[in-house]
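Report on the structure
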Amino acid sequence: MSNPILEARDLMKSYDDGRVQALRGVDASIEAGEYVAITGPSGSGKSTLLHMLGGLDTPSKGQVLFRGAPLGNGAALDLYRSQQVGFIFQAFHLLPTLRAVENVQVAMLALSQRSNHRAERAAALLDEMGLRERINHYPNELSAGERQRVAIARALANNPAILLADEPTGNLDSENSANIMEILLGIQKQRGMTLVIVTHESDIAHSAPRRIRIRDGRIEP
Amino acid sequence: MAAPLSFTGFAWKNLWRRRLRTVLTLAGITMGISAFVALVGFSRGFEHEWLRLYTNAGTDLAVVETNFINTSLNQSLDSKIRAVPDVDRVAPMIFNLIDLTPDVNAIVYGWQAGAYELDSVTFLSGGRFHDGQPEVILGNLLADDLKKKTGDTLPIQGTVFTVVGIFHGGTALEDGAVIMPLDQMQVISSMDGKVTAFHVRLRPAPPGESYDGYVKRAEKEIEAAVPGVHADPAADRAANNGLVSMAHSVAWGTSSIALLIGILGIANTMAMSVFERTREIGILRALGWKGWHVIVLILTEATALGVVGGLAGIAIGWGALRVLAALPQTASIASASVSPVHLMEAMIIAIASGVAAGAYPAWRGAHLSPVEALRYE
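Residues numbered from 1 in each chain as written. Chains lettered and ligands numbered in written order. Predicted model: local features only at pLDDT ≥ 70, side-chain atom pairs only at ≥ 80, totals over all residues.

1. Quick notes on the overall build of chain B
A count of helical and extended segments in chain B gives 13 helices and 12 strands. Seen through its principal axes, chain B has C-alpha atoms that stretch 90 × 50 × 40 Å. Considering only contacts in chain B between residues 6 or more positions apart, those separated by 24 or more positions represent 83%. (Helix = DSSP H or I, 4+ residues; strand = E, 2+ residues; numbered from the N terminus. Contact = placed C-beta atoms within 7 Å.)

Okay, here's the thing in structure tokens:
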């Protein structure tokens, strides 16, 4: 029986008063606990679709449903991002003024939790990522692979239902790429999380049981 | 052990990241608050000392022509005021700010030798002057500044006066002042037969009548008996006399300009900071931070600048006030004491300045589109 956690219905996104069409009517459904890769050439609209699914951007037309209900906007969208979604970016996007453990905690500041609990959970997540000795290091003191592992710990901070990763290995060498993918797939399996990865790397795309291929803002059959 | 991260800690780290800019911003708000503490404190201290001058002498009313600095009344009105039934004592007087040396100026009072106000001063050496004689008595602070003692001479406006007494009056306005016979003051001020004001001590209030009501009634009686004069309660006269009003105006005007510069400094810093951190704000929004979280963060940073700048401004302003109270040029009119209310006002202004200056950048940060902010280079 179908149990979609995320659905895209006739999603359209245009910029510059309609002159640029990033998405041209995308329909997609992602099951809870599923691992899906979104692939396609540069500029095809795959990151735009990921941003819509994660509530980072709103469609010009159409809608995104989370567990059957439209995402809404404003405060509802903020709540969705903080509670249900964990983002991982190609450029890591860690905050340079914060130590690794603080970068993880910063995600938890959006939800009301005791400060000691935040610190303990951040340390535990970094430990799980193999960074026990690096929790008090600043981003510029970490390697690229370590930074992405901090970013994964941050994405898990609020125990989301969905992990959305936008080219998570794009800035990493092959060894670190393999390591990060192993971590992400391990999390998806162990925690039963839904994992959606945007990638243009074929070996990563082929590691996913299902692939959504986008070209020119449309899903290829 | 991992240290917990709080909003405040995060805000502090953001400020610390651009130390030089933070310090320069703090310098701006510190300047504004220190100007407020020093200048407004100076003018309020001046008013307070003026009130104490009246209170110590037991003066209830001051009868003046107008509220301007150089009020001028005929001394002959003395008898008409004295004839008002509730009036106990009347002291005609002149006061002016006069340069005694190139470095020292002081308030100079002209009082009659028998003025009731002289009853409230304590002579540390010598005694009262005599009407009609070129004699002065000096407040102890001024005597120290001028290095004068009883028996010395002091030239004022071309006339050589003999110092016949050194006194302690209990207020900076007296301790830093010269008091001479009224007739001598009239000569050096070219105010023959004229006075600045009449100080009036009323008889005790009748039983059952409040002091305020009694003073109001006496005011009306005097103004009815002597047309064309104002009888001001001592507190009003202390607050509204020309010197105090001018000091208040200058203090507030100068402080306001300095505060405006400080507020613009914080606003500029916060606007720059939000601009530079556009992508970081996008990251925070992507992590689920609500718009108001961003507002709280930026306002916390702006408020922290206000608090630290306020504390530094209070310290520097208070120090400046102590310097003013110690300088020979200003010792006679400045008091080093600052009321807790004034310090509280300074902190409230500093914090409000931070919040006001951070409001627009905070609003802008909160309304950034997360995805646009993430794309920002």
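Moving on from the coordinates now.
2. A word on the domain arrangement of chain B
Domain boundaries assigned for chain B yield domain 1 (7–48 + 245–375) and domain 2 (66–228). For domain 1 of chain B versus domain 2 of chain B, the distance between C-alpha centres works out to 44 Å. (Domains from an automatic or database assignment.)

3. Points about the interface of chain A and chain B
Each partner contributes residues to the interface: chain A has 28 residues there, and chain B has 20 residues. Mapped onto the side of chain A that touches chain B, the elements with two or more residues apiece are α2 (75–84), α3 (100–108) and α4 (115–128) of chain A. By residue number, the principal contributor to the side of chain A that touches chain B is α4 of chain A, which donates 6 residues. Taken together, the residues of the side of chain A that touches chain B break down into 14 nonpolar, 9 polar and 5 charged. (Nonpolar A, V, L, I, M, F, W, Y, C, P; charged D, E, K, R; others polar.)

4. Quick look at the sheet that holds strand β5 (residues 69–70) of chain A
What links the strands of a sheet is backbone hydrogen bonding, and the strands pair in either a parallel or an antiparallel sense. Residues and elements named next belong to chain A. If you trace the 4 strands from one edge of the open sheet to the other, you get β2-β1-β4-β5, paired in antiparallel fashion. Whereas interior strands pair on both sides, the edge strands pair on one side only; in this sheet they are β2 (20–31) and β5. Sheet topology note: the strand β4 (residues 61–66)/β5 ladder contains 2 bridges and is antiparallel. The residue bridging L65 from the neighbouring strand is P70, located in β5. Strands in contact with helix α1 (residues 46–53) are β1 (4–15), β2 and β4; relative to β1, the strand with the most contacts, it is inclined by about 125°. (Pairing = 2+ DSSP bridges. Axes fitted to C-alpha atoms, helices over the stretch in contact; angles between N-to-C directions.)

5. Focus: the sheet that holds strand β9 (residues 210–215) of chain A
All names here are of chain A. The 6 strands lie next to each other as β6-β7-β8-β3-β9-β10, forming an open sheet whose pairing is mixed. With one partner strand each, in any of the chains shown, β6 (85–88) and β10 (218–219) form the two edges of the open sheet. Across 5 bridges, the pairing between strand β7 (residues 162–166) and strand β8 (residues 194–198) is parallel. Paired with A165 across the bridge in β8 is I197.

6. Some details on unusual backbone geometry
The phi dihedral of N159 of chain A falls on the positive side, at around 50°, and the residue is not glycine. Topologically, N159 of chain A is positioned in the loop between α5 (144–156) and β7. Here S190 of chain B, not a glycine, exhibits a phi torsion of approximately 55°, which is positive. Of note, S190 of chain B is situated in the loop between α6 (182–188) and β10 (194–195). On the basis of neighbour counts, which here come to 8 C-beta atoms within 10 Å, the residue S190 of chain B falls in the exposed class. (Buried ≥ 20, exposed ≤ 12 C-beta atoms within 10 Å, placed from the backbone.)

7. A short note on the pairing of strand β3 (residues 87–99) of chain B
Across 6 bridges, β3 of chain B lies against strand β11 (residues 197–202) of chain B in antiparallel orientation. Its bridge partner lying in β11 of chain B, V87 of chain B is registered against L202 of chain B.

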